[in-house]
Amino acid sequence: MSASVSSGPHSLAFRVMRLCRPSFQPDPPLRLHHLDLIAGEDLPLHVTSDEEEESQVASSRDPDFSFRSRFHLQNPIDAMALSGLLILPQAFGAIYLGETFCSYISINNSSNYEARDIVIKAEIQTERQRLLLFDTSNSPVESIRAGGRYDFIIEHDVKELGPHTLVCSALYNDGDSERKYLPQFFKFVVANPLSVRTKVRSAKGSTFLETCIENHTKSNLLMDQVEFEPAPNWTSIMLTADENLSETDSKARKVFRPPVIIKAGGGIRNFLYQLRSSLNESSPMKVEGSNVLGKLQITWRTNLGEPGRLQTQQILGSPIVQKNIHSRVVEVPSVIIMHVPFSVHLSLTNQTDRKRGPFEVHLSENESNEDRAVMVNGIQTLVLPPVEAFGSTKLSLNMVATKLGVQKISGITVFDVQEKNICDSLPDVEIFVHSD
């Protein structure tokens, strides 16, 4: 038969103090002269001989003994208004996502009797889960004498936003050997320290990720790390401003990195990453819809070194559309002269698991009434044999430019003779046409 548990007046009580870095306490100095206690600022003084030397010192600092120079700084360090003392946290304060919540918990016996066989538990309760942080069920505390206490420390990595509850409970025998249960609740709210906004752009075979980080806390944040962890099929490079540093300065800069600080209350810092696919474009591993680029890993420290860490969700790029037949421009001459034929080298890849073809490569009809600046020279339609599964073939188009300056090679189309449809169209390629 189990013993009954009472919930009457308790001998024990919990006290909780959050363990975090102390803070500086600005202490504006009180500019008070001891002679102010005797006379007002405008009242002339008759100083005795014993006070003459001290009066001269006071008058040298303030010749007319008025308040107008009372707040002049006598020492440059006075501008900081810091007393040199640090203040321990007086309350839970602001708790942010990504920090480590650490608390010093003391259970006190305020009665005149000894408490025995104490089972202590400490839990963190959120909207989604309940986590046990401390438990003495297997080895209960033998006793806490009258006026004594039992102390312990808990730690919890904060990974959820919103309301949290620290639940401290004790099951014990009081002075009358009555079994009692004491629960106490300490509530706090976890806020988001940062907001991360991203934008993905694609240009000339590369993907660029723009990241904007905004500080929502009340203290400056020193960013230890803002790194992009690319997905397995991507590589990443952080782009920074070119400061024209010498080789020696560049190596030193890698060792002694300048601090990256995001100011309190809405400070913003931007980062730019260049992403490249590590897969060959003709690789059969390319899967439709695999547009996951990776995630950001962010670590920081506050004014006195309190650490924090956040990891974003997977960042998505533009959806990848799987093409059965993929064609691309491999090579274009670096110098193109007007009215002089040149060759454009192409590659055609079959990205299916079966044989496809034959194919016809030609220029599509110009939708506008203007004449093309770059046209096919000679045979207008090039016929290609079938291509094996996951295979590729190369071809060359003989072309000629009819206009000077920056022009576009456009309208190259691949037609599947067997399927009787257009299976791919090449994007426009810019060239520069020189005169003779």
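Preceding this paragraph is the structure being described.
Along each chain, numbering runs from 1 in the same order as the chain's sequence is written. Confidence filtering applies because this is a predicted model: local features only for residues at pLDDT of at least 70, side-chain atom pairs given and counted only at 80 or more, and all residues used for totals across whole chains, interfaces and linings. Remark: hydrogens and water are excluded; side-chain values derive from all non-hydrogen atoms of the structure.

## Quick notes on empty space enclosed by the protein
To be explicit about the condition: Of the grid points, spaced at 1 Å and generated over the protein atoms alone, those admitting a 1.4 Å probe that cannot get out make up cavities, while open sets with protein on both sides within 12 Å along at least five of seven lines make up pockets; any residue with an atom within 4 Å of a point is treated as lining. Grid points are joined across faces, edges and corners, and a volume is the space filled by probe spheres set on the points. Only DSSP runs of H or I covering at least 4 residues are called helices, and only runs of E covering at least 2 are called strands; the numbering of each starts at the N terminus. Polar here means any residue other than Ala, Val, Leu, Ile, Met, Phe, Trp, Tyr, Cys and Pro, which are nonpolar, and Asp, Glu, Lys and Arg, which are charged; Gly is therefore polar.
Scanning the entire structure with this criterion turns up 1 cavity of 30 Å³ or more. If you add up the space inside the largest cavity, you get close to 30 Å³. Looking at the largest cavity, the residues that line it are Ser-327, Leu-346, Ser-347, Leu-348, Val-361, Leu-395, Val-414 and Leu-426. Examining the composition of the lining of the largest cavity, we find that 3 residues originate from one element, strand E23 (residues 342–350), more than from any other. Looking at the lining of the largest cavity, its residues break down into 6 nonpolar, 2 polar and no charged.

## Looking at the sheet that holds strand E25 (residues 374–376)
Quick reminder of the rule: Paired strands, as defined in this entry, are two strands with at least two bridges between them according to DSSP. Simply put, an axis is a line fit to the C-alpha atoms, just over the touching stretch for a helix, and the angle between two N-to-C directions goes from 0 to 180 degrees.
Ordered in space as E21-E23-E27-E25, the 4 strands form an open sheet in which the pairing is antiparallel. Of all strands in the sheet, those bounded by a partner on one side alone are strand E21 (325–331) and E25. On average, adjacent strands in this sheet sit at an angle of 40° to one another, irrespective of strand direction. Here E23 runs beside strand E27 (residues 392–401); their pairing, made up of 8 bridges, is antiparallel. Its bridge partner lying in E27, Phe-342 is registered against Met-399.

## Section: the pairing of strand E10 (residues 162–173)
Quick reminder of the rule: Each residue is placed in one exposure class: buried if its accessible area under a 1.4 Å probe, protein chains only, is under 20% of its type's maximum, exposed if it is over 50%, and partly exposed if it falls in between.
Within E10, 10 of the 12 residues are buried, leaving the element largely enclosed by the surrounding structure. Note that strand E6 (residues 115–125) and E10 share 8 bridges and pair antiparallel. Directly across from Arg-116, in E10, lies its bridge partner Asn-173. Summarising the sheet, E10 and strand E11 (residues 179–191) pair through 12 bridges and their orientation is antiparallel. Paired with Ala-170 across the two strands is Leu-182, which belongs to E11. What sits between E10 and E11 in their antiparallel hairpin is a turn of 5 residues, with Ser-177 showing a positive phi close to 60°.

## Quick notes on the environment of Leu-86
What counts here: The contact definition used throughout considers only heavy atoms, calling two residues in contact when any of these lie within 4.5 Å.
When you line up the elements, Leu-86 lands in strand E3 (residues 82–87). For Leu-86, a relative accessible area of 47% corresponds to the partly exposed category. A C-alpha to C-alpha distance of 5.1 Å links Leu-86 and Phe-24, two positions 62 residues apart in sequence. If we skip the residues at most four places from it in the chain, Leu-86 touches Pro-22, Ser-23 and Phe-24.

## Concerning the pattern of salt bridges
Operational definition: Definition used for salt bridges: Asp or Glu carboxyl oxygen within 4 Å of a side-chain nitrogen of Lys or Arg.
Inspection of the entire model under this criterion finds 11 salt bridges. Between Glu-123 and Arg-130 there is a salt bridge, with its nearest N and O atoms 3.0 Å apart. Exposure remark for Glu-123: the relative accessible area of 15% places this residue in the buried category. Two residues, Glu-419 and Arg-354, come together in a salt bridge whose shortest N-O distance is 3.5 Å. Placement of the pair is Glu-419 in the loop between strand E29 (412–416) and strand E30 (421–425) and Arg-354 in the loop between E23 and strand E24 (359–363), with a sequence separation of 65 residues.

## Describing the pairing of strand E14 (residues 221–230)
Bridge analysis of E14 against strand E16 (residues 261–262) gives 2 bridges, and the strand direction is antiparallel. Bridging from a neighbouring strand, Leu-222 pairs with Ile-261 of E16. Where E14 meets strand E18 (residues 292–301), 8 bridges bridge the pair, whose relative direction is antiparallel. For Pro-230, the partnering residue across the bridge sits in E18 and is Gly-294.

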